[in-house]
Structure formats: C-alpha cells, structure tokens
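Read off the chains here:
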Amino acid sequence: MSIEDQPIFVTRPHLPPLEEFVPYLEKIWASRILTNSGPFHEQLEQALCKYLGVKHLALFTNATIALVTALQALRITGEVITTPYSFVATAHSLLWNGIKPVFVDVDPNTLNLDPARIEAAITPHTTAILPVHCYGHPCDVDAIQRIADRYNLKVIYDAAHAFGVECHCGSVLNHGDLSVLSFHATKVFNTFEGGAIVCPDAKTKLRIDQLKNFGFVDETTVAAPGINGKMSEFNAALGLLQLKYVDMAIARRFEIDKQYRQELGELKGIRLLGCGSEKRPNYAYFPVLVDDTYSVSRDTLYDALRSSGIYSRRYFYPLISDFPMYRGLQSAARENLPVAAACAERVICLPLYPEMTMDEVTRVCGVLATLGG
Ligand code: T4K
C-alpha cells in the first residue's frame with residue numbers, strides 16, 4: 001500500500017513512548033493498588049489542577065458518567081436547557097437523571113448555545129443550563145451567567161472538548177458551577193477512557209467523590225445512590241505521562257490547523273469555523289461547513305473523501321433532538337432549531353491529530369479542491 005492509499009482517520013490518539021509507561025506499570029504491579037483513589041489517581045488530580053489552572057478536580061471513568069454525576073451532585077431536577085448540537089452523551093446525562101431536556105438553538109458563528117434564545121425557553125420547572133463548549137470554542141460564558149443569576153439557575157458546562165482552553169479570564173473551566181472534561185481516546189488529552197469534573201470548592205468535590213464511589217461516606221454509610229465512576233490507576237498513570245506531552249501535542253495541532261486554513265481559506269463554498277474567543281485554543285477539531293455555493297453536497301463530499309481513504313466525520317449530525325428518545329419533545333421541533341439543523345446538514349470535521357503529516361493535510365485538501373474546482 002503506497003502512502004497515498006493509507007487511510008486517514010478523523011483522529012488518531014496521541015500516545016507516549018511505550019517504554020516510558022513501563023515504570024508506571026511496574027509501580028502498580030508492585031503496590032497492587034489498582035483503583036479506588038490510589039496514588040496515581042491522587043497525583044493526576046493535583047497535576048491537572050495545576051496544569052489547567054482550576055481549584056478542584058475529580059477524576060472519572062469517562063465524561064458521560066461524570067456528566068450524570070455532576071447533575072446529581074447539584075441535585076438538578078425538572079427541566080434543563082441544553083444544545084441539540086453536540087454528542088448524544090450531553091442530553092443522555094439528563095435522561096439518566098430523569099430530567100427533561102429543553103433544546104435551544106445555537107449561535108451561527110460559534111455553534112454554541114445561543115444566549116439570546118435561552119430566556120424564552122425558561123419555565124417554572126427550569127433548574128439549570130447545560131451548554132457545550134463545542135469543538136473547544138468557549139460559550140458566551142458571561143451572557144450565560146447573567147441569565148443564570150437572574151433566574152437562579154445552575155450552569156454545568158459540558159467541556160468534553162475544552163481541555164486546556166483559556167478564555168478572556170483564564171481557564172474556561174472556571175465558569176459555571178461545574179465543568180466536565182473527557183479524556184477519551186479521541187480527545188486532545190487522553191487516558192484511553194476517562195473524564196473529570198472541575199468544581200470550585202472542597203465541599204462539592206467531597207460530594208462528587210462520594211457519588212462516584214457508590215455514595216459511600218465511610219465504610220458503613222451510604223448517603224446517596226451513587227455510581228461507580230472511578231478512574232483506575234492504569235488510566236491515571238497514563239494521564240500523568242500524557243500530561244508531559246500535551247503542550248507538544250497542542251502545538252502540533254496548531255500547525256495542522258494553520259496549514260488547513262492556508263490551503264482551504266480561499267475555497268469557494270467551504271466555510272471555516274473561526275477560532276472563537278479563546279485566548280488559548282486547543283485545536284481539538286477542524287470543522288468546515290459546506291455551503292450551497294460549493295459544487296457538491298456535504299454528503300457527496302463526505303463519500304468522496306471516504307473513497308479516497310479519508311474518514312472524516314459529520315460531528316454533529318444528526319442533531320441530538322432528532323434521535324428517537326428526544327424527537328417527541330416540543331423543543332426538538334425543527335422550527336425551534338433552524339441554525340443547528342442547517343449546520344448539522346453542512347458540517348464535516350476533517351482529520352486533525354498531532355501525528356498527522358502536512359502531506360496528509362494536503363491530500364485531504366486536494367480532495368476538497370478537486371471536487372470544488
Ligand atoms: N460530551 C461531548 C460534547 C462529547 O463530544 C463526548 C464524547 C462526551 C460528552 C462523552 O465523553 P466520553 O464519555 O466518551 O468520555 C467519539 C468518542 O467516542 C466520543 O468520546 C466523542 N465525544 C465523540 C465526539 O467522538 P465516535 O463514535 O465518533 O468514535 P469512533 O470510535 O468512531 O472514533 C473516531 C475515529 O477515531 C475512528 O475512526 C478512528 C479513531 N480512533 C478511535 C478510537 C476510539 C482511534 O484511532 N483509536 C481509538 O481508540 O465517538
């Protein structure tokens with residue numbers, strides 16, 4: 001198979017040199033501490049707080065369980081305002097808590113929840129807002145907080161894409177009541193599977209730590225119906241090692257993002273999403289929107305890329321509100337979500353990962369240019 005025929009996937013997880021991981025494994029084997037807040041777990045929580053510039057952080061087995069637990073920790077009930085333009089786990093976390101999602105449309109520039117549309121969706125049952133920093137681009141955190149303060153609502157950010165992102169006032173993870181990160185294989189920082197809740201105070205962190213450990217307060221007391229959301233020592237050890245490389249990985253992502261922008265910037269009908277308002281972006285994804293002025297439809301482009309061995313993804317299509325467990329909701333109606341619906345029909349996330357070569361970027365752009373020319 002020649003280099004031109006090698007498949008290119010939307011992402012490829014960054015991994016450290018295997019030999020550097022072996023000493024961590026030796027420590028685990030020697031101590032026989034495999035999970036339940038072991039030494040690597042504690043070290044990673046501290047190291048991440050420092051790296052991310054946040055006060056408290058609780059590690060989890062993945063972001064989905066972390067989202068479910070974040071809602072439980074703040075005793076959220078009734079209705080929660082959220083975005084239809086996300087990975088399905090965002091809304092699933094509400095259903096797992098018996099909460100009704102209320103979908104609100106997104107801003108056409110950021111594809112994040114549009115603050116101008118939130119107030120109209122608030123009812124006496126609304127208790128919280130669950131926005132997503134989509135593709136790692138910060139939401140309008142100040143506008144969302146103003147609404148939350150006015151109506152006494154909690155804000156939980158799904159920050160699955162926002163590892164390391166800084167907005168105008170430092171880490172974007174310090175906004176809202178809680179933020180949830182994902183360390184899944186496909187993310188900027190991965191621990192194979194993993195996630196975390198960022199929280200502002202030790203009391204909330206204690207409650208979250210209890211909830212992720214079945215609700216145990218001590219050996220004989222269970223205070224709430226918690227879940228098993230704990231991160232194992234294997235994943236935590238890997239996280240410690242990955243952290244040494246994450247700045248390098250983000251720097252490399254920046255170079256690839258730049259190359260895409262140079263090669264695609266002038267291509268008619270292909271709209272690149274701006275970098276957003278972040279002071280420190282993480283270049284988690286490279287979404288492009290295929291407009292009517294492009295020569296073919298989004299799906300024809302998607303198929304053409306596949307025929308060339310390039311496996312882009314339509315994140316986020318279909319909209320969450322179109323899945324069977326959501327589409328009966330009043331707020332899921334298409335007329336309520338015109339911007340999100342249009343973007344879901346037009347978006348393609350092109351491959352972007354630290355080990356991607358510039359030749360591979362050019363190969364991807366070549367397909368777009370040939371079809372569009
Ligand atoms: N909130 C938001 C906003 C999210 O985007 C996500 C997850 C969550 C919450 C929940 O987080 P977690 O509970 O997962 O921590 C992927 C991921 O599975 C998912 O984590 C992610 N969002 C979502 C956007 O993308 P798929 O179904 O597209 O993944 P998959 O397996 O097709 O992987 C994409 C490509 O990546 C593959 O074609 C090849 C490559 N790959 C993938 C994996 C898993 C590898 O090279 N190695 C791997 O191990 O959902």
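Position numbers for residues count from 1 along each chain, tracking the sequence in the order it is written. Predicted model: local features are reported for residues with pLDDT of at least 70 only, side-chain atom pairs are reported and counted for 80 or more only, and whole-chain, interface and lining totals are derived from all residues. The basis for every side-chain value is the complete set of non-hydrogen atoms in the structure, without hydrogens or water.

Draft legend 1. Representation of the sheet that holds strand β3 (residues 79–82) in the model. Two strands qualify as a pair provided DSSP detects at least 2 bridges between them. To qualify as a helix, a DSSP run of H or I must reach at least 4 residues; to qualify as a strand, a run of E must reach at least 2; elements of each kind are numbered from the N terminus. The mixed open sheet is built from 7 strands, whose spatial order is β2-β10-β9-β6-β5-β3-β4. Strands at the two margins of the open sheet, each flanked by one partner only, are β2 (56–60) and β4 (100–103). The sheet shows a mean angle of 25° between the axes of neighbouring strands, taken without regard to direction. Alignment of strand β5 (residues 126–130) against strand β6 (residues 154–158), held across 2 bridges, turns out to be parallel. In the strand pairing of β6, Ala 128 is matched with Lys 154. Contacts from helix α3 (residues 63–73) reach β2, β5, β6, β9 (178–182) and β10 (195–199), with the element oriented near 165° to β9. By the convention used here, residues are in contact when the closest approach between their heavy atoms is within 4.5 Å. To define axes, lines are fitted to C-alpha atoms, for helices over the stretch in contact only, and angles between the resulting N-to-C directions are given on a 0 to 180 degree scale. Against the sheet, helix α5 (residues 141–151) makes contact with β5 and β6, and its axis sits at roughly 150° relative to β6, the strand it touches most.

Draft legend 2. Inspection of the packing of α3 against helix α6 (residues 202–211) at higher detail. Taken N-terminus to C-terminus, the directions of α3 and α6 make an angle of 125°; their axes are 10 Å apart at the nearest point. As the angle between them shows, α3 and α6 are arranged oblique. Classified by chirality, the crossing of α6 by α3 is right-handed. Each of Thr 69, Gln 72 and Ala 73 in α3 lies in contact with α6, whose residues at this interface are Arg 207, Ile 208 and Leu 211. Its residues placed into classes, the contact of α3 with α6 shows 3 nonpolar, 2 polar and 1 charged. When an angle is under 35 degrees it counts as roughly parallel; over 145 it counts as roughly antiparallel; between 65 and 115 it counts as roughly perpendicular; any other value is oblique. Note: crossing handedness is left-handed where the near helix turns anticlockwise from the far helix by less than a right angle, and right-handed where it turns clockwise. Polar here means any residue outside two lists: the nonpolar Ala, Val, Leu, Ile, Met, Phe, Trp, Tyr, Cys and Pro, and the charged Asp, Glu, Lys and Arg; Gly therefore counts as polar.

Draft legend 3. Local environment of the site of the ligand. The local shell around the ligand holds 24 residues, among which Thr 64, Asp 158, His 161, Arg 313 and Tyr 315 are the closest. Any N or O atom pair separated by 3.5 Å or less is treated as a polar contact, with the protein-specific requirement of one donor-capable and one acceptor-capable atom, and with residues adjacent in sequence counted only for side-chain atom pairs. Tyr 315 is positioned with one of its side-chain polar atoms (N or O) 2.4 Å from an oxygen atom of the ligand. Where the shell around the ligand is concerned, the elements lending two or more residues are α3 and α4 (89–95). Note on definitions. A residue lies near a molecule or strand when any single heavy atom of the residue is within 4 Å of it.

Draft legend 4. Highlighting the environment of Leu 264. Following the sequence through the fold, Leu 264 ends up in helix α7 (residues 233–264). Remark: exposure states derive from per-residue accessible area (1.4 Å probe, protein chains only) relative to the maximum for the residue type, with buried under 20%, exposed over 50%, and partly exposed in between. Of the residues examined, Leu 264 reaches a relative accessible area of 0% and is grouped as buried. The sequence separation of Leu 264 and Ser 307 amounts to 43 residues, and the corresponding C-alpha distance is 20 Å. Filtering out sequence-adjacent residues up to four positions away, Leu 264 remains in contact with Leu 272, Phe 286, Val 288, Leu 350, Cys 365 and Leu 368.

Draft legend 5. Representation of the pairing of β10 in the model. In terms of burial, β10 is largely enclosed, as 5 of its 5 residues are buried. Burial along β10 is two-sided: Gly 195, Ile 197 and Cys 199 facing one way and Ala 196 and Val 198 facing the other are all buried. Relative to β10, β2 runs antiparallel, the two being bridged by 5 bridges. Counterpart to Leu 57 in the pairing with β10 is Val 198.

Draft legend 6. The arrangement of α5 in detail. Regarding α5, the residues found buried are Val 141, Ala 143, Ile 144, Ile 147 and Ala 148. Down the axis of α5, the sector holding all buried residues measures 165°, keeping them to one side. Exposed side of α5, more than 90 degrees from the buried face: Arg 146, Asp 149 and Arg 150 are the residues found there. If you follow the buried residues of α5, they end up packed against β5 and β6. Downstream of α5 by a residue or two, Asn 152 has a phi angle that is positive, lying close to 55°. Taking the helix axis as origin, the arc is that swept by the directions to the C-beta atoms.

Draft legend 7. Up close: the state of the cysteines. Here, a disulfide means two cysteine sulfur atoms that sit within 2.5 Å of each other. Under the defined criterion, the tally for this structure stands at 0 disulfides. Cys 349 provides the cysteine sulfur closest to Cys 134, a residue in no disulfide bond, and the two sulfurs are 7.9 Å apart. Relative accessible area serves as the criterion here: at 0%, Cys 134 is assigned to the buried category. Free cysteine: Cys 199, not disulfide-bonded; nearest cysteine sulfur from Cys 49 at 8.3 Å.

Draft legend 8. Examining the packing of helix α8 (residues 298–307) against helix α10 (residues 358–372) more closely. At a minimum axis separation of 10 Å, α8 and α10 run at an interaxial angle of 130°. When the axes of α8 and α10 are compared, the pair comes out oblique. Every pair of crossing elements has a handedness; the one defined by α8 and α10 is right-handed. Where α8 approaches α10, its residues Leu 301, Ala 304 and Leu 305 are matched on the opposing element by Val 364, Val 367, Leu 368 and Leu 371. The residue inventory of the contact of α8 with α10, partitioned by class, reads 7 nonpolar, no polar and no charged.

Draft legend 9. α7, seen in detail. What we call the bend at a residue is the angle made by axes fitted to the seven residues finishing there and the seven residues starting there. Largest kink in α7: about 45°, centred on Tyr 245. Sitting at the head of α7, Ser 232 places a side-chain oxygen 3.2 Å from the backbone nitrogen of Phe 234.

Draft legend 10. Looking closely at the sheet that holds strand β14 (residues 286–290). Pairing is antiparallel across the open sheet formed by 3 strands, whose spatial order is β13-β14-β16. Only two strands of the sheet have a single partner each, and these edge strands are β13 (270–272) and β16 (347–350). Going across the sheet, the axis of each strand differs from the next one's by a mean of 35°, ignoring polarity. Where β14 lies against β16, 4 bridges are found, and the strand directions are antiparallel. Considered in β16, the bridge of Phe 286 is made with Leu 350. Across the sheet, α7 is in contact with β13, β14 and β16; its angle to β14 comes to roughly 20°.

Interpretation in functional terms is not warranted from these geometric data alone.
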